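Chains, contacts and geometry: an overview
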Amino acid sequence: MMRIMAVFLLLSVMPTLLLAQNRKISGTVTDENGKPVPEVSITIKSKSNGTKTDDAGRFTIDAQTGQTLVINSINHEVIELMVGEGNTVNAALKAKVNNLNDVVVVGYATQKKVNMTGSVATISAKQIEDRPVTNLSSSLAGLSSGVYVRQGSGQPGSDGASILIRGTGTLSSNAPLVVIDGIIGSMDAVNPLDVETISVLKDAASASIYGSLAANGVILITTKKGQRNKTTVTYNGIFSTTNPMNMPKYNSNYSRHMQMINEGTTNIGQPSIFAASTIRAWDSTSLIPDQLNAIGVPNRIAYPNTDWGDALFDNKVVQNHNISINGGSDKVNYLLSVGYLDNKGVMQNTGTKRYQIRANLDARVAKWLTMGTQTFASTQTYDMGNTASAFNFLGQTTPGVVPTYDGKYGFPHAQEESSTANAILAFLNNTAGSDRQSRFNTTLYAILNLYKGLTLESRFNYQIRFGEYNSHSVPQERWNFATNEVKTFPGDPSTFSTYYSFDKATQTTIDNVLRYTTKIGSDHDISALAGYNQMYSNSYNFNASKQGLIDYSITTLGSALLPTTTNGGESDFAMRSWFGRVNYAFRNKYLLEANLRYDGSSRFSPNTRWGLFPSVSAGWRIIDEKFMEGTKSWLSNLKIRGSWGKLGNNASGVYDWQSTYSTRLYSFNNVQSSGLAVGRIANPELQWETTTTTNFGLDGAILNNKLFFEFDLYQRLTDGILSTVPVPLTVGTASSPIVNAAEVKNNGYEITLGYRGKSGEFNYRVSGNYAYNTNEVTKYKGQLVEGYVTDATGAQVYQSNIGLVSAGGTNRILEGKKINEFRIYEVYKGSGTYNNADGTVNINGGPRDGMIRTPEDLAWAQAMITAGYRLLPSNAIRNNAIYYGDLIYADLNGDGQYGNSFDQKFTGTSTLPKYIFGFNAELSWKSFDLSMVWAGAAGFQYYWNDTYINSTVRNGFAFSNTVLDNHYFYNPLDAKDPRNNINAKYTRLKSSDPQNTALASDWWMQNGSWIKLKNLQIGYNIPEKLAKKMMMSRARVYVSGENLLMITKYPGLDPEIGAGIGYPTMRQYALGINVNF
Amino acid sequence: MKKLLLICSLPLILLGCKKTLLDTTPYDALASETMWTSDNLTDLGVTGIYNALRLGQNTGGASGLEIYQYDRFSFTGQTRDAEALLQGTITPGNGLFSSNWQNFYEGIVRANDAITNIPLKSPSSAVKKGKLIAEAKFLRAYYYFRLNQVFKGVPIYLAPFKIEEATKPRDTEQAVWDQVIKDLTDCINEPNLPNKYTKGNPGFGRVTKSAAYALRGKVYMYTQKWTEAVADFAKVKELGHSLFANYTLLFKEANEQSDEMIFSIQNTGVVNLGSTTQFFCGTRASFGSCWNTYLVSPNLVDLFENADGTKFNWETIIPGYSAMTPIARQVYFLRDGLTATERTAAAARGADMTKYLAVGNEARISKAWTGRDSRLAANVITPYGNYNGVLGAGNQTVTSRFPYRTINSPTFDLQTDTQTFFYYLHRKFVAEGNAETLNRAYGPIDLPLIRYADVLLMWAEALVELNNLPEAILKVNEVRARAGMPALQQTDPTKGTYVSNQSNLRDRVRDERRVEFPNEGINYFDELRWNTWKNTVFQAGNGSRQVWGANVNTYTYGGDYLNAWAIPQVEIERNPNLKQNPGWPN
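Conventions and cut-offs
Residues numbered from 1 in each chain as written. Chains lettered and ligands numbered in written order. Predicted model: local features only at pLDDT ≥ 70, side-chain atom pairs only at ≥ 80, totals over all residues. Heavy atoms only, no water. Pairing = 2+ DSSP bridges. Helix = DSSP H or I, 4+ residues; strand = E, 2+ residues; numbered from the N terminus. Axes fitted to C-alpha atoms, helices over the stretch in contact; angles between N-to-C directions. Phe/Tyr/Trp six-rings, centres within 6.5 Å; stacked < 30°, edge-to-face > 60°. Buried < 20%, exposed > 50% of the residue type's maximum accessible area, 1.4 Å probe, protein only. Lys NZ or Arg CZ within 6 Å of the ring centre and 35° of its normal. Polar contact = N/O pair within 3.5 Å; in protein donor to acceptor, adjacent residues only side chain to side chain. Contact = heavy atoms within 4.5 Å. Buried area = accessible area lost by both parts, 1.4 Å probe. Salt bridge = Lys/Arg side-chain N within 4 Å of Asp/Glu carboxyl O. Nonpolar A, V, L, I, M, F, W, Y, C, P; charged D, E, K, R; others polar. Patch = residues over 30% accessible without salt bridge, like charges linked within 9 Å, V, L, I, M, F, W, Y side chains within 5 Å. Areas by Shrake-Rupley, 256 points an atom, 1.4 Å probe, with all protein chains shown as cover.

**Topic: the sheet that holds strand β3 (residues 50-52) of chain A**
All names here are of chain A. Read across the sheet, four strands follow the order β3-β2-β5-β6 without closing on themselves; strand pairing throughout is antiparallel. Looking at strand neighbours, the two that pair on one side only are β3 and β6 (79-82), the edges of this open sheet. Sheet twist, expressed as the mean angle between neighbouring strand axes with direction ignored, is 20 degrees. Of the strand pairs in this sheet, strand β5 (residues 68-72) and β6 are connected by four bridges, and their pairing is antiparallel. Counted as the bridge partner of L69 is L81 from β6.

Next up, the structure:
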């Protein structure tokens, strides 16, 4: 390689030797921070000779005095310097601000940012690197406007974020299309450190080249390529400690727990469960926790007061190591990378390990032919801890159970305690085996230069994902440590089962794209492309289990005795598409683009499977107009954009247009027998769901590009939405047909605003984005008609067709409402005046917040019932019906029935945020740098009512501190009872809930808005000299933190996770190093 | 260059030219055009109708929809959880109504498909088609029967219909009964339908003529056509059905195909094909560590007669018992040798500890369950009664005691999910030891829907209504004799077995049904049919009870509207032609 370079240099230098006046000029090119910049081209103005800077930013060139050196680097502004008398010329570059030559990756092509007419957000590698996140998707939060990134779980391996681009436009799938180096794939498969750029295509004009796949937006990921004539080895290592960002807080005082259980049963007239003597035993022993009992067990184990939140979660370490080699020659360049992730999680036995490799290779085989590959593979293993069970049962245990002691799980010691009070850690450790997912993904491509400006690119991609799963139970014992007794036995191996499962998904894609670019005269830039694509995917699975092991540790299927289940299935899906695009620019001021895609999908019948998806867009760079000359002093950029287009969505099941009979088993004479019944009702008319988007945009910059902004306003209308609609129960249990049922309108706008500045050696860049989006179902199954009608007997009856025109339960689909808008009961709200002037009961005079708190409230409720109103569901005053500390529901339709099914109302809210926003900042000073990313969402509600929070008491179930500390109690016989708390927030404790406090009512609605500091990073670049001594060309050490701060009023675990309790997201503190050799 | 071009386009040639690329079909299901067009598919389609007998079965938790689980609404059974129907708080939106409606109509839709399409499409022999259509008609009749039992009038659909055609109004209760009788009569008239399958026949579990007679007889009971009912029950006997000799062993797997079984849900010890009774009626001491979700009511236990045919009376066991409060009576049910702590706790719970015997407390109460109808021991695990359970991997006899101490040595107490309460527990359909079932979620024992004892007692009931008391007594006595109980008689008024008049015999037949069928899903529907549900289940102070009679959940009678179930709220919204049963709140 050196030899080739030497020859090349010689050839380029030779002609200049002929000119006698030439002399050697040398210098160093540095950036704003004084760091050398390699690969900068140095040319002499209006001459052909030139050179490039080396790794140390140095160059040497032959020039004459008076000539001008043009110093040109991709990411910096061009500088021209006159050659003076000296032999040294040093240049300090200035980074390009709002780089007009920035190239943006778009579908099947790249475009200059200045020429963009659609709405595309870009994220660069720099914005996501050096973060201790464990996957690419969750690192995108807060970085671009209109992109809602929500991490719904912190469980290692399942912690990928869901991404919504411009809200929810449909009732079917809302997942955006992910395209990796031109091929449809999964974001989880990509190593974040391999990413070069990410483009988010938001409007129809930019996305419609992907036609029917693009209705929810497109995320284009480009991976890094090798660089010519330069070899870099990069090591990137991150160690981070993790702990849960928030934990559920359960009462850990068992004595109090028992008293509260008793309160719950006696409140409704049932006997106490826990004897006073048992409660006393805990009271007395908790004062002397380390005293040993008769058999030598300390009180804290014999009489436990377990804090399950604390017992369940640990601090662990995440390690992330990556090595990449990047280089190439004139003809070949390459990138090889290896990544390793070890994330142990914050709960026992829930970790994951991942290995990833990538090889990107690009070879110029001939002048007219370039060939190459992008190939990557990964394998990931998952620990077997059953978190679903652990969270499910987290509410079903009590402080009276020891998590573990002496390596054994605890069993309740209190005689009255439910034997089903669970040992939660046992769920995390009760399964052994191995779960593994592996991927292999390879693209081979060839680019032919057919004619000047005309190329043909042909791509072939094959990807396979397979999962291998094996699980079997681990024998576990549970002990009563106080008496040293086994309470739950492990069971005989003959009762144990072993389970194996395998699934495999493959996808084959062929892509052929013809591109042509030309310039007519100096005013007309034209480019066009046309392409063909086809894709076929297939997945199948197989699983079997057998019962009866010869030993706990022998778990192959062959060694087990009785077959219990054997299952398997297969499905496939294919698409075929033609597409094209024309771009036209006049004097780079007037920009036009048109796209067309024609898609066929196997998900529809031959008559309906083809769909046409066009788009047009235009841009006008006003800033370049003559009449704008006067504004140049302060306005540096101004462009308006507009686009219109149609996109499709075929997110139905793969065979939904075909009616089918599925297997339904029965047995005769103890012999299994196959049967068939209609599994799904068909809809042969099924066709494309179509999204039409109109977008208007404004880009600009002022103050010499220091302050820049982007604004987008859009409307999105999706019709023919693929959805199941409610069908009468009389039709049976077969799946409802998928139909093109609904229409949804989205409106929104997005703003990005940034500022970039410098003060001495202090550089900073801040940018914020903000997006508003709202949706409305504009067509579904008809209008809601509710109201009184006169029936045959002349009586007024209230009727509603809600079951016909609307689907769902607490969250519903209905014309004129938001998608999944809440429809809930309303808690009664009265004036607290009780009676009318004439002494009759005042129906508006009941308790102010709907909770019966005082004897007057209760008397009012009794008077209401006596007067013939029905306070549903109990409609009676007594301790096991309506009583002190219960809720009364409002009678919204005025039929005298308080809380019947017609008394539900729409709230105007859903769980989808109306506002999403992000803020990021980068600061640097000398060798130090600091960056942070904030993300947030607002304008949505959660219905938060689970066992964790409600007041229903059950023996063996946990109490939330939230409820215990602030629940209603009133002893009507003793006004001085110390337990009395009539102003409490939460309702009375009850062991059953006849008045249905748990009903979905506005009592339980919570604001879910949140802001999080997603990442904060402080880095230090080791001085070059020191780095060199250590054989490194560049080294950076940094500390980085994820999820450091959350600001929310939501009282539950984490509004980003959702309304319930799930695997918490992790707070990470990381130490990292980033080294180039 | 040509060579290279060829290489580049090779993938295109290999994969790009598949014309049928977009024509994909499901791998795991059959396209509807193909259905019924072969002999095999005809068989499979009919088996699919039988499968609807299993709808509503849930092996993750009790669905409340399986036939035996309806004993929770009956006089003889209860559940440990509060039930909206028994609290008087149930509304038409309750899943009980919608799930039953949907599941039974699914069975009807499948049967309609077969009845319409087999004649049109199936190439099977006429003999076979006749038999299969008769089976489909029986099953359709059964599903309509189940709907009509509770909803009392539902829309009748007799052919496949489209979604938008599901708009019929309700037919009357009588019209549905007429339709059920018509279908069952068609079965009876079908020459190719077997009378009865003998044990081990590969067809065992399929519909027979005897099943059609038995079900039609039951429908006649509903319509009070006593003579017709008697005739049908006589046919069942004529076709070869008889009582199995041993009541207890009747409910073991070995005898699930005895001549007593007329039609039963076929269970096999395979995932999704087995019984869940073990899971939801067993205890933590049962194989698989089960949930005692469903329980025996003390009402039933007290109803079992003494072995001599006299009524059971607590006063003869413990004088003064009836006058005490249920909570105070608790003392009699405590185990011997209570510790000081246990004594204090019992006193705190309200037990009258002055009556406690440190030795002999268990023996005193145990007399209550000895010398009784043998069906008590066959159905119920009573306090201080033994149960052949499982401890760890091995079998272990455990004893139901209170307060519970440990399932381990030394006491081997029977462990439940509800150990702070003391309940009567189910013995019927709960496995003994570890060898009777493979898994708690799929036991092998068939669950009878109609057995000959049911036929005999309905037969007796019809005869009572026809005022033919001597014949009726003979039928009852067959069932009593099998249980070892003395015969009812009209000759000796001094004996407990003396039948005084028609009304007395009517009550005795009803009680006989109550003690014969616990945990078989019969009593709730009987009480509804007799219009006695309010008086028995909601008798003053009744509830789900501990053994001494103290309520855990007290029942509240919502009103007479509860005797006919609510048409599901959501179905009325989707089909406004359906009218709600009177009295239901929304």
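**As for the packing of aromatic side chains**
Any pair of aromatic rings gets described here by the distance separating the centres and the angle formed by the planes. Scanning the entire structure with this criterion turns up 87 aromatic pairs over all chains. Between Y883(A) and Y884(A), the aromatic rings sit 5.1 Å apart at their centres with planes inclined by 70 degrees, giving edge-to-face as the arrangement. Y884(A) sits in the buried class, given a relative accessible area of 9%. A ring pair is formed by Y105(B) and Y144(B), whose centres lie 6.2 Å apart and whose planes are at 90 degrees; its orientation type is edge-to-face. Of the two residues, Y105(B) is situated in helix α4 (residues 95-121) and Y144(B) in helix α5 (residues 126-151); the sequence distance between them amounts to 39 residues. Residues Y105(B) and Y144(B) agree in their burial class; the two are buried. Residue placement shows R372(B) over the ring face of F312(B); its charged tip is 3.7 Å from the ring centre.

**Details of the sheet that holds strand β27 (residues 485-488) of chain A**
All names here are of chain A. Pairing within the open sheet is mixed, and its four strands lie in the order β22-β23-β26-β27. The open sheet terminates on both sides in strands that have one partner only, identified here as β22 (404-405) and β27. Note that β22 and strand β23 (residues 408-410) share two bridges and pair antiparallel. The residue of β23 that forms the bridge with Y405 is K408.

**What about the side chain of S255(A)?**
All names here are of chain A. For S255, the location among the structural elements is in helix α4 (residues 254-267). Here D283 takes part through its side chain, which lies 2.6 Å from a polar atom of the side chain of S255. When residues no more than four places from it in sequence are discounted, the contact partners of S255 are I279, W282, D283 and N305.

**Section: the interface of chain A and chain B**
Contacts between chain A and chain B engage 99 residues on the former and 104 residues on the latter. Summing both partners gives a buried area of about 8300 Å² for chain A against chain B, and 59% of it is carried by carbon and sulfur. Taken as a group, Y666(A), L729(A) and T730(A) account for 10% of the area that chain A buries against chain B, more than any other trio of residues on that side. Residues R609(A) and D23(B) are paired through a salt bridge, measuring 2.8 Å at the closest nitrogen-oxygen approach. Counting across the interface, chain A meets chain B through 36 residue pairs in polar contact (both at pLDDT 80 or more). Looking at which element gives the most residues to the side of chain A that touches chain B, the answer is strand β30 (residues 562-586) of chain A, with nine residues. Tallied by class, residues from the side of chain A that touches chain B come to 42 nonpolar, 44 polar and 13 charged. Here strand β34 (residues 660-663) of chain A pairs with strand β1 (residues 30-31) of chain B via two bridges, running antiparallel.

**Regarding a nonpolar patch on the surface**
All names here are of chain A. A cluster of nonpolar side chains, namely W578, L596, Y598, W610 and L612, defines an oily patch on the protein surface of about 490 Å² accessible area. Looking at the nonpolar patch, the elements with two or more residues in it are β31 (590-601) and β32 (610-620). Along the chain, Y598 falls in strand β31.

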